Amino acid sequence: MSDFSFRTSHDAGSARLGWFSTPHGVVETPAFMPVGTHGTIKGLSVEEVTAAGAQMILSNAYHLYLRPGDMMVRALGGLHAFTRWDGPMLTDSGGFQVFSLSSLRKVTEDGVVFQSHIDGSRHDYTPESVMRIERNIGADVIMQLDELIAGQAEYGASQAAMERSLRWLERCRIEFDRITRDGRGAPPQFEVPVGAPPMATHDAATDIIPPRQSLFPIIQGGVHPALRVASARGILDAGTWDGIAIGGLSVGESKPDMYATLEVVDPVIPRTVPRYMMGVGFPDDLVEAVRRGVDLFDCVAPTRMGRNGTAFTPDGKVQVRRSAFRNDRRPLVEDCPCECCTRYDRAYLRHLFVSEEMLGLRLLSLHNVAYLIDIMRQARGALREGRFQTWSSAWLARYHAAGAHGVTT
Ligand SMILES: [Zn+2]
């Protein structure tokens with residue numbers, strides 16, 4: 001029996017209430033997964049992320065491969081032991097980061113050669129090496145290496161990248177299966193300074209056994225419906241999967257194009273597996289995507305915007321430095337269950353940002369993360385109670401009523 005499973009109960013159109021089971025626990029869907037690029041949700045402790053209601057978190061194989069190194073993570077007991085997060089985890093391959101290094105990388109059929117953004121050192125990223133890296137890091141769900149291009153790329157370029165991503169998926173799957181069968185490479189030997197705590201102790205025989213993981217494929221194809229369908233069909237032809245991701249969104253295309261893409265792939269992806277939309281995390285996008293059958297989300301936006309002083313609210317985005325908050329004693333968001341909103345008021349939050357106090361960045365990051373998690377909790381409640389269409393329409397109407405820039409009184 002697989003260590004991964006998915007079941008659903010209540011449907012509302014394409015939306016559904018679900019449970020995604022992993023070796024480290026069950027994720028109730030739809031759910032937002034906070035992103036800890038370097039193995040930490042920026043500014044927040046594991047306790048805070050847990051209290052915010054996170055069920056599953058992300059990390060990034062590219063960043064952990066460069067620093068501290070995937071073998072080091074493995075020697076330290078794997079990503080769960082290293083970060084102390086004992087719930088479900090997912091690593092992105094880092095393809096997005098590698099392709100973002102446009103002047104520092106070269107793409108061929110074999111893979112990507114790139115220079116580290118840290119020290120300029122040269123690295124080969126291939127479907128096979130990415131599988132070895134993600135198997136060493138040890139998250140529950142690991143992503144294939146795919147080729148990313150700009151969201152508005154023309155048909156020919158989108159088709160070439162999509163077809164290459166399918167070929168790379170096949171190479172990922174073969175290497176994933178090989179590691180499952182033959183085990184990982186020999187355990188690394190790291191010298192521990194005298195007097196320092198020891199590394200996690202392994203014996204060589206058990207260390208080579210890879211953790212129970214699931215490889216997720218990624219649908220590509222830009223904003224071209226025929227390519228998206230071909231990508232999804234190619235993925236289904238290539239094997240059976242515990243979940244399927246939709247990638248290459250929120251990379252410059254319009255919101256209508258993003259939503260249309262979800263509608264195109266919705267009937268093609270079997271309803272028996274969770275659908276994960278990668279890298280999209282604005283509140284309205286989450287609600288729109290749940291309506292179109294998406295179950296899992298991730299995005300760095302809540303913590304990045306939190307550090308910039310921008311808050312997600314039911315009435316749109318709000319800059320907390322605004323002078324109207326100077327003597328505003330109300331919580332940032334009424335009824336938000338997070339520590340920022342239950343304990344502090346807008347006047348204090350504004351003061352922290354104006355004074356450049358680090359608590360401000362932390363509280364606002366916490367709020368933004370908790371807020372997205374809470375929207376998905378509300379969506380699950382509405383699905384369970386058979387009022388999802390009404391709830392989501394009302395939610396979107398309020399969010400958009402404040403205008404694109406978001407204004408609160
Ligand atoms: Zn809050």
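Check the entry above for the structure.
Since this is a predicted model, take the numbers as computed values, not measurements.

1. A short note on the sheet that holds strand β4 (residues 31-34)
Argument step 1. Ordered in space as β4-β15-β14-β13-β12, the five strands form an open sheet in which the pairing is parallel. Two strands in the sheet have a free side with no partner beyond their single neighbour: β4 and β12 (218-219).
Argument step 2. Where β12 meets strand β13 (residues 244-246), two bridges bridge the pair, whose relative direction is parallel. Paired with I218 across the two strands is A245, which belongs to β13.
Argument step 3. Relative to strand β15 (residues 296-299), helix α11 (residues 283-291) is tilted by about 160°, and along the sheet it contacts β4, β14 (275-277) and β15.
Argument step 4. Sitting on the sheet, helix α15 (residues 358-384) is in contact with β4 and β15, with an inclination near 160° to β4.

2. Topic: the coordination of the zinc ion
Argument step 1. Coordination of the zinc ion by the protein is provided by C336 (SG), C338 (SG), C341 (SG) and H367 (ND1), with metal-donor distances spanning 2.1 to 2.3 Å.
Argument step 2. Coordination at the zinc ion is tetrahedral: its four donor atoms span angles of 97 to 116° at the metal.
Argument step 3. Taken in chain order, the donor set of the zinc ion reads C-x1-C-x2-C-x25-H. For the pair formed by C336 and C338, the shared burial category is buried.

3. Quick notes on helix α16 (residues 388-401)
Argument step 1. With 14 residues, α16 extends 20 Å from end C-alpha to end C-alpha; this agrees with the ideal 20 Å at 1.5 Å per step.
Argument step 2. Listing the buried residues of α16 in full gives F388, W391, S392, W395, L396 and Y399. Down the axis, α16 shows its buried residues gathered within 120° of arc, on one side only. When the buried face of α16 is taken as reference, the exposed residues oriented beyond 90 degrees from it are T390 and A401.
Argument step 3. In this structure, the buried residues of α16 make contact with β1 (5-12), β2 (15-22), α11, β16 (310-313), β17 (316-319) and α15.

4. Some details on the sheet that holds strand β11 (residues 214-216)
Argument step 1. The strand order across the open sheet built from four strands is β5-β6-β10-β11, with neighbouring strands paired in parallel fashion. Each having just a single partner strand, β5 (57-60) and β11 make up the two edges of the open sheet. The sheet shows a mean angle of 25° between the axes of neighbouring strands, direction not considered.
Argument step 2. With two bridges joining them, strand β6 (residues 89-92) and strand β10 (residues 141-143) adopt parallel strand pairing. Across the sheet, L90 pairs through a bridge with V141, a residue of β10.
Argument step 3. Where helix α6 (residues 127-137) meets the sheet, its contacts fall on β6, β10 and β11, and the angle it forms with β10 comes to roughly 155°.

5. Focus on the pairing of β4
Argument step 1. Burial of β4 is two-sided: the residues A31 and M33 facing one way and the residues F32 and P34 facing the other way are all buried.
Argument step 2. Both β4 and β15 contribute to a ladder of four bridges, which runs parallel. Its bridge partner lying in β15, M33 is registered against D298.

6. Describing the packing of helix α10 (residues 255-265) against α11
Argument step 1. Contact pair α10 / α11: the axes reach a minimum separation of 10 Å and the direction vectors enclose 25°. By the angle between their axes, α10 is roughly parallel relative to α11. In the crossing of α10 with α11, the sense of the turn from one axis to the other is right-handed. Where α10 abuts α11, its residues K255, M258, Y259 and L262 lie against D284, D285, E288 and A289.
Argument step 2. Classifying every residue of the contact of α10 with α11 by side-chain character gives four nonpolar, no polar and four charged.

Thresholds applied
Residues numbered from 1 in each chain as written. Predicted model: local features only at pLDDT ≥ 70, side-chain atom pairs only at ≥ 80, totals over all residues. Heavy atoms only, no water. Pairing = 2+ DSSP bridges. Helix = DSSP H or I, 4+ residues; strand = E, 2+ residues; numbered from the N terminus. Contact = heavy atoms within 4.5 Å. Axes fitted to C-alpha atoms, helices over the stretch in contact; angles between N-to-C directions. Donors = N, O, S within 2.8 Å, 3.2 Å for Na, K, Ca; no water. Tetrahedral: all angles 85-135°; square planar, octahedral: opposite > 155°, others 65-115°. Buried < 20%, exposed > 50% of the residue type's maximum accessible area, 1.4 Å probe, protein only. Expected span 1.5 Å × (residues − 1). Arc of directions from axis to C-beta. Parallel < 35°, antiparallel > 145°, perpendicular 65-115°, else oblique. Left-handed = near helix turned anticlockwise from the far one by under 90°. Nonpolar A, V, L, I, M, F, W, Y, C, P; charged D, E, K, R; others polar.

Function-wise, these values are silent; they only describe arrangement.
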